[in-house]
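This is what each chain is made of:
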Amino acid sequence: MDKVNLSEIPEGEKRSPGGKYHRFFKEVSVALGRDPKSLDLEKRHPFDLMLTRIPAGKSYCPYHAEGAQWELYLVVSGRGQVRDSTGVTEVSAGDAFLFKPGEAHQLSAAADEEFVYYVIADNPIGDSCYYPDSGKWAARKEGEETVILKGVETDYYDGEE
């Protein structure tokens, strides 16, 4: 059995240049041996678990929709707002919610307290991400490198014949 204690997992941090997006995270599955760079499903694990903490008044990331990934959330503490196609929903400790592939969403902390939750994702190989507010796409290049693209809609055969 692989075992790890949350207190032993280093906390990562990511912040956007302007500070609107800010998060702290503990990659539980990685601490348990998940190799996110491997294409071997035994080494990737069938799902990924992360503990996330968003400071008061900040958002995790822009409004987005994963192309193939499922995400299950369980709120541990604090209050947050979850934006989806139907609007904004308030969530708090004990709430659980799920996003299927293609369902756009965004998580933000309440203005006056941090927001802490677990997220379980299946992290499929080759997943892409669409950002409806800005018309951007995130796509994987070979390996772990991600490229952000912005373009215009076109016909399927444009440039092919």
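Residues numbered from 1 in each chain as written. Predicted model: local features only at pLDDT ≥ 70, side-chain atom pairs only at ≥ 80, totals over all residues. Heavy atoms only, no water.

Student: Quick rundown of the sheet that holds strand β9 (residues 106-109)? Include the residues and the values.
Tutor: The pairing of strands in a sheet comes from backbone hydrogen bonds and takes either a parallel or an antiparallel form. Read across the open sheet, the three strands follow the order β7-β6-β9; overall the sheet is antiparallel. Each of the sheet's edge strands pairs with one partner strand only, and the pair in question is β7 (87-92) and β9. Each adjacent strand pair in this sheet contributes to an overall mean axis angle of 25°, direction not counted. When strand β6 (residues 79-84) meets β9, the two strands line up antiparallel, connected through four bridges. Across the sheet, residue Gly-80 finds its bridge partner in β9, namely Ala-109. (Pairing = 2+ DSSP bridges. Helix = DSSP H or I, 4+ residues; strand = E, 2+ residues; numbered from the N terminus. Axes fitted to C-alpha atoms, helices over the stretch in contact; angles between N-to-C directions.)

Student: Please set out the pattern of salt bridges residue by residue, giving values where relevant.
Tutor: The tally for this structure, following the rule as stated, stands at eight salt bridges. For Glu-11, the salt bridge is made with Arg-53, and the minimal N-O distance between the two is 2.8 Å. Taken together, the residues Glu-11 in the segment before β1 (12-15) and Arg-53 in strand β3 (residues 48-54) connect sequence positions 42 residues apart. Residue Glu-11 is classed as partly exposed on the basis of its relative accessible area, which comes to 41%. Since its relative accessible area comes to 23%, Arg-53 is described here as partly exposed. Across the salt bridge formed by Arg-53 and Glu-114, the nearest N and O atoms sit 3.2 Å from each other. With Arg-53 in strand β3 and Glu-114 in the loop between β9 and β10 (115-121), this pair connects stretches of sequence that are 61 residues apart. Here the salt bridges share partners, and the residues they tie into one network are Glu-11, Arg-53 and Glu-114. (Salt bridge = Lys/Arg side-chain N within 4 Å of Asp/Glu carboxyl O. Buried < 20%, exposed > 50% of the residue type's maximum accessible area, 1.4 Å probe, protein only.)

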